[in-house]
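Fold and contact review
The primary structure of each chain is shown beneath.
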Amino acid sequence: MDNNFNNQNQYNQQGYPQQGYPQGGYPQGQYQQEQVPQMSLNTPPQFNSSSQPPQKNGNGLKIAVIIISILLVAAIIAIVAILLNKDNDDDSKKDDDKKTEESADEEEETEEETEEETEEETTEEVTTEAETTEAPTTEAETTEATTEAVSGTVTTPTEGFSSIYADLDNRSFAINGKVYTLGVTTLQDMIDDGVPFDEDDIANAYNNINPDYQSSGFKIVLGEWYSAQVYVGNYTSENKTMAECPIVEIYLPVDLEEDNSILTFAFPLTITEAELIANSGEPTDRSDYTSDDGTFVKNTLEYKVDSQIYIGDSGYTFEFINGQLGYLYIDLK
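Quick caveat: nothing in here was measured; it's all calculated off a predicted structure. (Residues numbered from 1 in each chain as written. Predicted model: local features only at pLDDT ≥ 70, side-chain atom pairs only at ≥ 80, totals over all residues. Heavy atoms only, no water.)

It is worth spelling out the overall build of the chain at this point. Looking only at helices and strands, one finds six helices and 15 strands in the chain. Classification of the 333 residues of the chain by burial places 25% in the buried group. In the chain, 50% of the contacts between residues at least 6 apart in sequence involve partners at least 24 apart. Accessible area of the chain: about 24300 Å², with a carbon and sulfur share of 49%. (Helix = DSSP H or I, 4+ residues; strand = E, 2+ residues; numbered from the N terminus. Buried < 20%, exposed > 50% of the residue type's maximum accessible area, 1.4 Å probe, protein only. Contact = heavy atoms within 4.5 Å. Areas by Shrake-Rupley, 256 points an atom, 1.4 Å probe, with all protein chains shown as cover.)

Next up, the structure:
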């Protein structure tokens, strides 16, 4: 083997020039090894000024555009809300101004009506004084027939009432001094006399009522919040208007602090239980109730007879609350 190696060396050395081939057999003429620069770990990297910097991603720009768009939309919504609130405030102000003007107009109308009513009342007073001067006898007769009431003190008319407070044969009451009797006086009679009925109630007076029926109540106005009620009954076999029918019941929730001069009875509304019994005798029926603490006492006295029309009874019912007359019912059925 050493001989062959020597022979080859000799062959190469004997006239075969080397043509740029290295001993390992790789061509060398057209290729050069690139020199890789060595970089120390402590040396910062150096960039070629001719090379371009790395390009950033476009996602950041998109996000910025979206945020700006959201802010613009929010600003537009806020501006629209402010404008709408301003319009609503303007409308509310206009409504308030309109209501104020209407209230002022109503007050002016009320003042005008009050002035007109005052003038009318003044005219009526002057006329009444003239008529009284011309006819003194009529005034004296009227005074005897009217009821005087001051703070619940009632002086009853002397004509038309029975001397028995609970007279079952003469169940009567008086309006402005004129006596009306249950079963005799019709609703039309009271309308013609100018009894102060509630306008809404009396508007139904000419509606029909069936045979053997009783009407709902017709309110008699005694004060701003004080009233009595009367009822009519059709005890015939024919349909009739309520105005044609007789009064068959009257009801009064007594208030002694109100003016009781319009509606009066054969007894004063200040009557006591003892005075009633002394005048009309023992009641046909009574019931008594006292609360557990003793602060509320109700004594109900009834003076009644059997009804001539329906099964049951009718007459007078007096309810005394803590010693004073609180409710009064007089019926005829």
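Every buried residue belonging to helix 6 (residues 273-280) is among Glu-273, Leu-276, Ile-277 and Ser-280, and all of these are buried. Across the axial projection of helix 6, the buried residues extend over an arc of 95 degrees, all falling on one side. Among the exposed residues of helix 6, those pointing more than 90 degrees away from its buried face are Ala-274 and Ala-278. On the buried face of helix 6, the contacting elements are strand 12 (285-290), strand 13 (297-306) and strand 14 (313-321). Two residues or fewer after helix 6 comes Gly-281, characterised by a positive phi angle close to 85 degrees. (Arc of directions from axis to C-beta.)

Moving on: empty space enclosed by the protein. Enumeration over the complete set of coordinates arrives at one cavity of 30 Å³ or more. Its boundaries defined by the atoms lining it, the largest cavity holds a volume of some 50 Å³. In this structure, the largest cavity is lined by Phe-161, Ser-162, Ile-164, Tyr-165, Asp-167, Asn-170, Ser-172, Ala-266, Phe-267 and Tyr-316. Here the residues of the lining of the largest cavity are counted per class, giving six nonpolar, three polar and one charged. (1 Å grid on protein atoms, 1.4 Å probe; cavity = no way out; pocket = protein on both sides within 12 Å on 5 of 7 lines; lining within 4 Å. Points joined across faces, edges and corners; volume = space filled by probe spheres on them. Nonpolar A, V, L, I, M, F, W, Y, C, P; charged D, E, K, R; others polar.)

Turning our attention to the packing of aromatic side chains. Evaluated as defined, the whole model comprises eight aromatic pairs. Between Tyr-165 and Phe-267, the aromatic rings sit 6.1 Å apart at their centres with planes inclined by 65 degrees, giving edge-to-face as the arrangement. A residue pair is termed long-range when its members are at least 10 positions apart, and Tyr-165 in the loop between strand 2 (153-155) and strand 3 (172-175) and Phe-267 in the loop between strand 11 (263-264) and helix 6 qualify at 102 residues. Given a relative accessible area of 1%, Phe-267 falls into the buried group. Taking the centre distance of 6.2 Å and the plane angle of 90 degrees together, the rings of Tyr-303 and Phe-318 count as edge-to-face. With Tyr-303 in strand 13 and Phe-318 in strand 14, this pair connects stretches of sequence that are 15 residues apart. Just as Tyr-303 is buried, Phe-318 falls in that class too. Put simply, the rings of Tyr-165, Phe-265, Phe-267, Tyr-303, Tyr-316 and Phe-318 touch in pairs and so form one group of aromatic residues. (Phe/Tyr/Trp six-rings, centres within 6.5 Å; stacked < 30°, edge-to-face > 60°.)

Looking now at the pattern of salt bridges. Under the defined criterion, the tally for this structure stands at three salt bridges. Salt-bridge contacts for Arg-286 lead to Asp-288; the nearest nitrogen and oxygen are separated by 2.8 Å. By relative accessible area, Arg-286 is classed as partly exposed at 34%. (Salt bridge = Lys/Arg side-chain N within 4 Å of Asp/Glu carboxyl O.)

Right, let's get into the environment of Tyr-231. With respect to the element layout, Tyr-231 can be found in strand 8 (residues 226-234). Setting aside residues up to four positions removed in sequence, Tyr-231 forms contacts with Gln-214, Ser-215, Ser-216, Gly-217, Pro-246, Ile-247, Val-248, Glu-249 and Tyr-251.

Phi at Asn-176 takes a positive value of approximately 50 degrees, unusual for a residue other than glycine. Relative to the helices and strands, Asn-176 resides in the loop between strand 3 and strand 4 (178-181). A positive phi angle, near 60 degrees, is found at Asp-212, a position not held by glycine. Looking at where Asp-212 falls in the secondary structure, it is placed in the loop between strand 5 (208-209) and strand 6 (213-214). The exposure class of Asp-212 is partly exposed, given its relative accessible area of 48%.

As a further point, take the confidence of the model for the chain. Considering every residue of the chain, the mean pLDDT works out to 76; 60% of them sit at 70 or more. Note that residues 23-34 has pLDDT below 50 and, in this model, seven contacts with residues that lie over four places away or in other chains. Scored below 50 in pLDDT, residues 125-157 shows 33 contacts in the model against residues more than four places distant or in partner chains. (pLDDT = per-residue confidence, 0-100.)

Reading across from one edge, 4-3-11 is the order of the three strands in this open sheet, with antiparallel pairing throughout. Edge strands, defined here as strands with exactly one partner in the open sheet, are strand 4 and strand 11. When strand 3 meets strand 11, the two strands line up antiparallel, connected through two bridges. In the sheet register, Ile-175 faces strand 11, and the bridge partner there is Leu-263. (Pairing = 2+ DSSP bridges.)

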